[in-house]
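Tertiary structure, described
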Amino acid sequence: MASSHSSSPVPQGSSSDVFFKKEVDPAKHIRPVQSLPDVCPKEPTGDSNSLCVAPSLVTDQHRWTIYHSKVNLPAALNDPRLAKRESDFFTKTWGLDFVDTEVIPSFYLPQISKEHFTVYQQEISQREKIHERCKNICPPKDTFDRTLLHTHDKSRTDLEQVPKIFMKPDFALDDSLTFNSVLPWSHFNTAGGKGNRDAASSKLLQEKLSHYLDIVEVNIAHQISLRSEAFFHAMTSQHELQDYLKKTSQAVKMLRDKIAQIDKVMCEGSLHILRLALTRNNCVKVYNKLKLMATVHQTQPTVQVLLSTSEFVGALDLIATTQEVLQQELQGIHSFRHLGSQLCELEKLIDKMMIAEFSAYSHSDLNRPLEDDCQILEEERLVSLVFGLLKQRKLNFLEIYSEEMIITAKNIIKQCVINKVSKIEEIDTDVVMKLADQMRMLNFPQWFDLLKDIFSKFTIFLQRVKATLNIIHSVVLSVLDKNQRTRELEEISQQKNAAKDNSLDTEVAYLIHEGMFISDAFSESELTSVAIDTTSQRNASPNSEPCSSDSVSEPECTTDSSSSKEQTSSSATPGCVDIVVNEDMKLTDLELGKLANNIQELLFSASDICHDRAVKFLISRAKDGFLEKLNSTEFITLSRLMETFILDTEQICGRKSMSLLGALQSQANKFVNRFHEERKTKLSLLLDNERWKQADVPAEFQDLVDSISDGKIALPEKKSGATGERKPAEVLIVEGQQYAVVGTVLLLIRIILEYCQCVDNIPSVTTDMLTRLSDLLKYFNSRSCQLVLGAGALQVVGLKTITTKNLALSSRCLQLIVHYIPVIRAHFEARLQPKQYSMLRHFDHITKDYHDHIAEISAKLVAIMDSLFDKLLSKYEVKAPVPSACFRNICKQMAKMHEAIFDLLPEEQTQMLFLRINASYKLHLKKQLSHLNVINDGGPQNGLVTADVAFYTGNLQALKGLKDLDLNMAEIWEQKR
């Protein structure tokens, strides 16, 4: 037996290697003949394919191996180009400067000596003896002679005669294909006259099969003869093994008898006590399990009782606790196999009930009478519902509340319209069926009261929504805060457990050092600390279990309370309702934070809903152009009401809604367009009918101007009694200056004040009003220029001519407007944003245009006199009488000019104008004297001219306001060369 397990001799590379058989994996290479195990191989076994794989001198002598290499390793590593041939191969890569250094032995590698191999030599020596004994029993293969090779080739040739089908390992005659291949049916067909030939074929087949059998038997006998010595050696080893087994069996029997005696004397009693203790513990566990089962059995009735009182959170906690007990404590109990699915269905039912309950609560809360002072309806019920929905992750309850808000906002407007229409007798509801048509029949005061009522109801509605959402928001924040505190407690608990593990490791090391058994030390400490550890874990861990299946120290552990596995904390809502926060909230901090943001967005959405409904209400009323037909007072009142509502909602919700503000801006733009077009049309009509004559100034216009002087740009209140007693004045007094104006300018000033007051009343239209007022002022400037300077009034009004008085009056009117432009600019600048100051440049352009217009009028007056001087002085002759007729006409025209403008223009402007006229006069006179060759030589002609000039100067300075006028008449004479 020992020899059969010994390793085969290693081939020595001689001619006998041909008989060495390589091991072939039977799973990869299927042999047709299953030979006996090669216990002591002397000849090759197997088929021809396996022989082809074996080593052969004939086939292997031409195969290249590493032994055919003609270059040794030193020759391959030496560089023939180097001078130092004695150097090692490092110089090839590292250069000639490489220097060998002594390698310091590593401190981490042990010193190997012969003693390290003693154990291996002792183990291998026994195997070597067995191997030598095998070599003696089975001679090496190289001792075979050529006869054995010849015999092997002969047996191999005989085996090749046997068909391969008989050599298959899965050969079986019960297989139809195999059977037909071995015994073809064609040889047994006896039909017709072929019987004798078939019989001969059958006999031939039988002889062939017998021949195959003989060949196989001869080969088997040959193989057995080759291994006869191995068989005899195996039999001898078998007898020795039987002797060894007999002795071993006797030793085992003696040992068992001794163990049985020891067990009876020392262990049987103690083990019986342990079995009784274990039985007692099992009975206690069974008792506790039965009590737990009895408690779980009452879960469904208890849940029904809780649901009847709308205690959804308690019912959900009880279901969660029961499911956890079923999964951990009562897993595998056959009687409770359907209870888990029933509880799941009951939980789904509770989800539906909570959603339906929250929907009903939202409807009742938002649709209760708005006159009720109570802000929150059934706060405890709301808190319970929100906790239940959060526990079940039903976060879509905010969508339910949002839909209910939309419906309630619609109903508020509808109910307000119905109440208002029902109080008005003029509206026949039987004739006008649609509510919108009935609403359109209201006049502005009635409709304004209706809108005010709607806004007040919306304000109360938003306050209620805010109070309800604050409760929900406080619940969410309480859960979020509890989650954070629980996480902190878990971190502290983990740190304590890590410190406890470190101390335990230190204690274990100490016990090992002292030589005590660790199990004994633990058994002593665990008995005293197991109850304390269990209690502390249940108090500290939020996921602690209600009871343990392995616990014996708590026989009264039950699940009567749904909060047995939960830590709770209390906080208070704004309504002073205590909130009990459960640990079993499945929401993450991210989800809770997102939910809190959604609650805030829902409050913003409530404001947007109210504003959107108000916008639709305004659009419905504005279909017939009702809002566009409002006068300034009515629209300003409406605008202030809407702005007040916008500010109230912004204060409640914390964000300004833009829909109603946009609608107000749109209506304001339409109002501004209509406001501007009406006033521009009015100004155009006034200018087209203006005859450019000085108008009396009524007392109300003087009061209007006086109010502007006080720094208030606003239309003063009408004083009917006092104004009627005061007579109109000839001129308008502005800051001590007198302005002779036409009636159009008085109305233009009032129109300008209306623009400024509209900006005060509707600040959102400031920029638009500034543009429109600039357009109005430009229109007045251009139109008055066309009518006066352009003489358009001749065709429009029917004036015969444009007189100097018309021109002077037009200039004074323009000066009055220019005087108020800085005041108007300051008024708008105080109401514009800093980024809008660039729009004030319109007033600078207007001021420049007005000054240019005034300069053109002055130039026109000078041009009139200039043409008169040119006409009269061109006929001037230096002769008697003195003063001449020419100078008399000139003085007469100068007096008319002075009479026309002196009462209209200030004295300074009159003097400046006559200085310019005098300069024109001197130019023409100098030109005429030069033409007549009259020089300042003291002669008769010079005397006549001097007398005429003195007459002109005396008459001009005699005019009112021109006494101190420096005429400088010496300039009429040319300088002597």
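Criteria and thresholds
- Residues numbered from 1 in each chain as written.
- Predicted model: local features only at pLDDT ≥ 70, side-chain atom pairs only at ≥ 80, totals over all residues.
- Heavy atoms only, no water.
- UniProt positions renumbered as here; feature names shortened; annotations may be inferred.
- Helix = DSSP H or I, 4+ residues; strand = E, 2+ residues; numbered from the N terminus.
- Buried < 20%, exposed > 50% of the residue type's maximum accessible area, 1.4 Å probe, protein only.
- Contact = heavy atoms within 4.5 Å.
- Areas by Shrake-Rupley, 256 points an atom, 1.4 Å probe, with all protein chains shown as cover.
- Axes fitted to C-alpha atoms, helices over the stretch in contact; angles between N-to-C directions.
- Parallel < 35°, antiparallel > 145°, perpendicular 65-115°, else oblique.
- Left-handed = near helix turned anticlockwise from the far one by under 90°.
- Nonpolar A, V, L, I, M, F, W, Y, C, P; charged D, E, K, R; others polar.
- Patch = residues over 30% accessible without salt bridge, like charges linked within 9 Å, V, L, I, M, F, W, Y side chains within 5 Å.
- Salt bridge = Lys/Arg side-chain N within 4 Å of Asp/Glu carboxyl O.
- Phe/Tyr/Trp six-rings, centres within 6.5 Å; stacked < 30°, edge-to-face > 60°.
- Lys NZ or Arg CZ within 6 Å of the ring centre and 35° of its normal.
- Polar contact = N/O pair within 3.5 Å; in protein donor to acceptor, adjacent residues only side chain to side chain.
- Core = buried A, V, L, I, M, F, W, Y, C linked by side-chain atoms within 4.5 Å.
- Lys, Arg positive; Asp, Glu negative; His and termini not counted.
- Charge placed at Lys NZ, Arg CZ, Asp CG, Glu CD.

- An unreviewed UniProt entry lists the chain under the name Vacuolar protein sorting-associated protein 54, with Ceratotherium simum simum given as the organism.
- Word for word, the UniProt comment on the chain under Sequence similarities (unreviewed entry) is "Belongs to the VPS54 family."
- The heading Subcellular location (unreviewed entry) in the UniProt record of the chain holds the text "Golgi apparatus, trans-Golgi network".

**Regarding the overall build of the chain**
- The helix and strand tally for the chain stands at 30 helices and four strands.
- Expressed as a percentage of the 977 residues in the chain, the buried residues total 35%.
- Pairs at least 24 apart in sequence give 77% of the contacts found in the chain among residues at least 6 apart.
- Summed over all atoms, the accessible surface of the chain reaches about 59,000 Å², with 55% contributed by carbon and sulfur.

**Comments concerning the side chain of histidine 924**
- Relative to the elements of secondary structure, histidine 924 occurs in helix 29 (residues 907-932).
- By relative accessible area, which is 13% here, histidine 924 ends up buried.
- Those residues within four positions of histidine 924 in sequence are excluded, and the remaining contacts are Asp866, Phe869, Asp870 and Leu873.

**As for the packing of helix 26 (residues 804-829) against helix 27 (residues 841-873)**
- Packing of helix 26 against helix 27 leaves a shortest axis separation of 10 Å and a crossing angle of 165 degrees. As the angle between them shows, helix 26 and helix 27 are arranged roughly antiparallel. Seen from above, helix 26 lies across helix 27 with left-handed handedness. On helix 27, the residues that touch Thr804, Leu807, Ser810, Ser811, Leu814, Gln815, Ile817, Val818, Ile821, Ile824, Arg825 and Phe828 of helix 26 are Phe843, Asp844, Ile846, Thr847, Tyr850, His851, His853, Ile854, Ile857, Lys860, Leu861 and Ile864.
- For the contact of helix 26 with helix 27, the residue count by class is 14 nonpolar, seven polar and three charged.

**Quick notes on a nonpolar patch on the surface**
- On the surface, Ile220, Ile224 and Phe231 cluster together into a nonpolar patch covering about 250 Å² of accessible area.
- Residue placement: isoleucine 220 occurs in helix 8 (residues 195-226).

**A short note on the packing of aromatic side chains**
- Here the structure, examined in full by the defined rule, presents 14 aromatic pairs.
- Ring geometry for phenylalanine 166 versus phenylalanine 171: centroids 5.4 Å apart, planes at 45 degrees, classification tilted.
- On the basis of relative accessibility, which here comes to 28%, the residue phenylalanine 166 falls in the partly exposed class.
- You can call phenylalanine 171 partly exposed: its relative accessible area is 29%.
- Between arginine 812 and the ring centre of tyrosine 739, over which it is positioned, the NZ or CZ distance is 3.9 Å.

**Overview of the environment of asparagine 806**
- Inspection of the secondary structure puts asparagine 806 in helix 26.
- In this structure asparagine 806 comes out as buried when scored by relative accessible area, which is 8%.
- Those residues within four positions of asparagine 806 in sequence are excluded, and the remaining contacts are Arg691, Trp692, Val788 and Thr801.
- Here the side chain of asparagine 806 touches tryptophan 692 through a polar contact of 2.7 Å, landing on its backbone oxygen.

**Topic: the pattern of salt bridges**
- A full pass over the atoms with the stated rule returns eleven salt bridges.
- Notably, a salt bridge pairs aspartate 844 with arginine 825, separated by 2.9 Å at the nearest N-O pair. Within this pair, whereas aspartate 844 is found in helix 27, its partner arginine 825 is found in helix 26, the two being separated by 19 residues in sequence.
- For aspartate 844, a relative accessible area of 43% translates into the label partly exposed.
- In this structure arginine 825 comes out as partly exposed when scored by relative accessible area, which is 26%.
- Note that lysine 848 and aspartate 852 form a salt bridge whose closest N and O atoms lie 3.2 Å from each other. Of this pair, lysine 848 and aspartate 852 both sit in helix 27, four residues apart, roughly one helical turn.
- For lysine 848, a relative accessible area of 51% puts it in the exposed group.
- Using a relative accessible area of 33% as the deciding quantity, one classes aspartate 852 as partly exposed.

**Points about the nonpolar core**
- Trp447, Ile817, Phe828 and Tyr921 are the most contacted members of the largest nonpolar core, which has 194 residues in total.
- Top element by residues in this core is helix 16 (residues 444-514). It accounts for 19 residues.
- If we ignore the near neighbours within four places in the chain, the residues touching phenylalanine 828 are Cys756, Val759, Thr766, Met769, Leu770, Leu773, Leu840 and Phe843.

**Topic: the packing of helix 20 (residues 659-689) against helix 23 (residues 743-761)**
- Interhelical geometry of helix 20 versus helix 23 gives an angle of 170 degrees and a closest axis separation of 10 Å. Comparing the axis directions of helix 20 and helix 23 gives the class roughly antiparallel. Residues Phe671, Phe675, His676, Arg679, Lys682, Leu683, Leu686 and Leu687 of helix 20 touch helix 23, and the partners they reach there are Thr744, Leu747, Leu748, Ile751, Glu754, Tyr755 and Cys758.
- Classifying every residue of the contact of helix 20 with helix 23 gives ten nonpolar, two polar and three charged.

**Details of a negative patch on the surface**
- On the surface, Asp696, Glu730, Glu899 and Asp903 cluster together to form a negatively charged patch.
- Accessibility expressed as a relative area gives 58% for aspartate 903, which makes it exposed.

**Some thoughts on the side chain of histidine 611**
- Note on placement: histidine 611 falls in helix 18 (residues 589-621).
- With relative accessibility at 0%, the residue histidine 611 sits in the buried group.
- Among residues more than four places away in sequence, those in contact with histidine 611 are Phe645, Ile646, Thr649, Ser657, Ser659 and Leu660.

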